[in-house]
Amino acid sequence: MKQKFYDTAVKQEKVVLVGVITPNETEEREKEYLEELEFLVETAGGLTVKTFTQKLQRPERSTFVGTGKLDEIKEYVIAEEIDIVVFDDELTPSQLRNIERELNVKILDRSNLILDIFAGRAQTAQAKTQVELAQLQYLLPRLTRLWTHLERQKGGIGMRGPGESQIETDRRLILNKISLLKERLKLIDRQNETQRKNRQQLIRVALVGYTNVGKSTIMNMLSKSEVFAENKLFATLDTTVRKVVIENVPFLLSDTVGFIRKLPHHLVECFKSTLDEVREADILIHVVDVSHPSFEDQIRTVNETLKDLGAIDKTMITVFNKIDAFVPEQHHVDVTESPLTLDDFKHSWMAKNNSPAIFISATEKQNVDEFKEMIYEYVKKVHTERYPYDNLLY
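Residues numbered from 1 in each chain as written. Predicted model: local features only at pLDDT ≥ 70, side-chain atom pairs only at ≥ 80, totals over all residues. Heavy atoms only, no water.

Caption draft 1: Region of interest: the overall build of the protein chain. Tallying secondary structure elements over the protein chain gives 12 helices and 10 strands in all. With 394 residues in all, the protein chain has 46% of them scored as buried. In the protein chain, 71% of the contacts between residues at least 6 apart in sequence involve partners at least 24 apart. Accessible surface, the protein chain as shown: approximately 21300 Å² in total, 49% of it carbon and sulfur. (Helix = DSSP H or I, 4+ residues; strand = E, 2+ residues; numbered from the N terminus. Buried < 20%, exposed > 50% of the residue type's maximum accessible area, 1.4 Å probe, protein only. Contact = heavy atoms within 4.5 Å. Areas by Shrake-Rupley, 256 points an atom, 1.4 Å probe, with all protein chains shown as cover.)

Written out as structure tokens, the structure reads:
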């Protein structure tokens, strides 16, 4: 008998991206969002093959994009055998249902994609619980699309189809699960709070910043520990705390989840407990990827998130990382002007913001000693204010 062989390798899914350019968004801004979305798809394991955009006053209520554009996407999806279509904004349950019916492939929006990445990256009980809670909160209003096969049941008195009752059952189960997860999170929070109280004697420093700016690499460099770090979005989901000693001063350094633009609201809510390390830190180290063309937008996003957390007024050191990858041509707006060099940027930043900043490369170990010296001075200052009679420093 002839032996059959089957290809068991996981096929990389082909993905199409869709975005809408509204009057209050520029084409450049939307292009950046879609590039970030492409990076999210890559992080999730997909392959982006094409991007569709459309200029609209506001997204269409029923199909997000216009019917003509949807037909164009449908033709491409069929011709190129696309597996998934990802939309750059959160879709309403009815939009999701209508688009899925029209395109007949898997439809995801930005929120769903981020949740999928989070689910794959969660390691600890806390992160897993937070992700599951966010997924259920996302799923709850979208339950109906899972039961469309029951809509054709015969109606009438005494002949009611099981569709509605099944959805109601599922809704009740999900609501119960959400309550259970919230209780579990409260318990984990109490345990974490006890751990934090035991660490109160030491000054606490937290690394914050946009996703994929090099926080975990800096954490590894300062604490000589092996925190997972790679060139992907949301490589770190779990807060890691390490004791670091610079010269004669010990302090606690924590690495936190990266921030991102258009982060779903329910996700921010679920991860607020993870960001307690940020709220309770004495000093924040805001890490910025200076090689990224839109790093100023990223700084703005991080500051807005810190404001939401009530941590914007803390002592902050800005660290411009990845100076080895800085490309001057990417950092000028006016074509007539010459590109902004790193030195030009350093001087303009210092003059404009009047806040401590340092320029380093964590991977190439450039300016690392100056960076450590800066942290040492700040930690020492907080330590002497808090424990004036401590002879540790003398």
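Structure's up, so let's keep going.
Caption draft 2: Layout of unusual backbone geometry. Notably, phenylalanine 64 is not glycine yet its phi reads approximately 70°, a positive angle. Take phenylalanine 64: it is sitting in the loop between β2 (47-55) and α2 (67-79). The phi dihedral of asparagine 104 falls on the positive side, at around 60°, and the residue is not glycine. Considering the arrangement of structural elements, one finds asparagine 104 in the loop between α3 (93-103) and β4 (106-109).

Caption draft 3: Structural view of the packing of α2 against α3. Orientation of α2 relative to α3, taken along the N-to-C sense of each, is 45°, at an axis distance of 10 Å. By the angle between their directions, the pair α2 and α3 is classed as oblique. Of the two possible hands of crossing, α2 and α3 adopt the one that is right-handed. In contact with Leu70, Asp71, Ile73, Lys74 and Val77 of α2, α3 contributes Ile99, Glu102 and Leu103. Looking at the contact of α2 with α3 residue by residue, the class counts come to 5 nonpolar, no polar and 3 charged. (Axes fitted to C-alpha atoms, helices over the stretch in contact; angles between N-to-C directions. Parallel < 35°, antiparallel > 145°, perpendicular 65-115°, else oblique. Left-handed = near helix turned anticlockwise from the far one by under 90°. Nonpolar A, V, L, I, M, F, W, Y, C, P; charged D, E, K, R; others polar.)

Caption draft 4: A look at the confidence of the model for the protein chain. This prediction gives the protein chain a mean pLDDT of 79; 76% of its residues lie at or above 70. Mean pLDDT values for the elements of the protein chain range from 64 in helix α11 (residues 342-353) up to 93 in α2. Across residues 149-156 the pLDDT falls below 50, and counting only partners more than four positions away or on other chains, this stretch makes 8 contacts in the model. (pLDDT = per-residue confidence, 0-100.)

Caption draft 5: Up close: the environment of tyrosine 76. Position of tyrosine 76 among the secondary structure elements: in helix α2. C-alpha separation for the pair tyrosine 76 and valine 16, spaced 60 residues apart in sequence, amounts to 9.1 Å.

Caption draft 6: Just the pairing of strand β7 (residues 249-255), in detail. Of all the 7 residues making up β7, 7 are buried; the element is thus mostly covered by neighbouring parts of the structure. Of the two faces of β7, the one holding Val249, Phe251, Leu253 and Asp255 and the one holding Pro250, Leu252 and Ser254 are both buried throughout. Sheet topology places strand β5 (residues 203-209) next to β7; 5 bridges connect them, and they run parallel. Bridge pairing links isoleucine 203 to phenylalanine 251 in β7. Strand direction decides the pairing type here: strand β6 (residues 240-246) and β7, joined by 7 bridges, are antiparallel. Paired with valine 241 across the bridge in β7 is serine 254. Joining the antiparallel neighbours β6 and β7 is a turn of 2 residues, in which glutamate 247 adopts a positive phi near 55°. (Pairing = 2+ DSSP bridges.)

Caption draft 7: Quick peek at the sheet that holds β2. Pairing in this open sheet of 4 strands is parallel, and the strands run β2-β1-β3-β4 from one edge to the other. Among the strands making up the open sheet, the edge pair consists of β2 and β4. Along the sheet, successive strands turn relative to each other by an average axial angle of 20°, direction set aside. Of the strand pairs in this sheet, strand β3 (residues 84-87) and β4 are connected by 4 bridges, and their pairing is parallel. Of the residues in β4, the one forming a bridge with valine 85 is isoleucine 107. Across the face of the sheet, α3 comes into contact with β3 and β4 while running at roughly 145° to β4.

Caption draft 8: Local environment of the nonpolar core. Membership of the largest hydrophobic core comes to 82 residues, with the highest contact counts inside it found for Ile218 and Phe371. It is helix α12 (residues 368-386) that provides the largest number of residues to this core, a total of 7 residues. Excluding residues that lie within four positions of it along the chain, phenylalanine 371 makes contacts with Ile218, Met221, Leu222, Ile285, Val319, Ile358 and Ile360. (Core = buried A, V, L, I, M, F, W, Y, C linked by side-chain atoms within 4.5 Å.)

Caption draft 9: Summary view of the pairing of strand β8 (residues 283-289). Across the 7 residues that make up β8, a large majority, 7, are buried. Burial along β8 is two-sided: Ile283, Ile285, Val287 and Asp289 and Leu284, His286 and Val288, pointing in opposite directions, are all buried. Across 5 bridges, the pairing between β5 and β8 is parallel. From the neighbouring strand, valine 205 faces β8, where its bridge partner is isoleucine 283. Across 7 bridges, the pairing between β8 and strand β9 (residues 315-321) is parallel. Residue isoleucine 285 lies in a different strand from β9, and its bridge partner there is isoleucine 317.

Caption draft 10: Expanded view of the environment of threonine 301. Along the chain, the position of threonine 301 falls in helix α10 (residues 295-309). Note: C-alpha distance between threonine 301 and isoleucine 260 (41 residues apart in sequence) is 7.1 Å. Each residue touching threonine 301, except ones within four places of it in the same chain, is listed here: Tyr210, Ile260 and Arg261.

Caption draft 11: Highlighting the packing of helix α7 (residues 215-223) against α12. Contact geometry of α7 with α12 gives a least axis separation of 12 Å together with a crossing angle of 80°. The orientation of α7 relative to α12 falls into the category roughly perpendicular. Packed against α7, whose contacting residues are Ile218, Met221 and Leu222, the element α12 presents Val368, Phe371, Lys372 and Ile375 at the interface.

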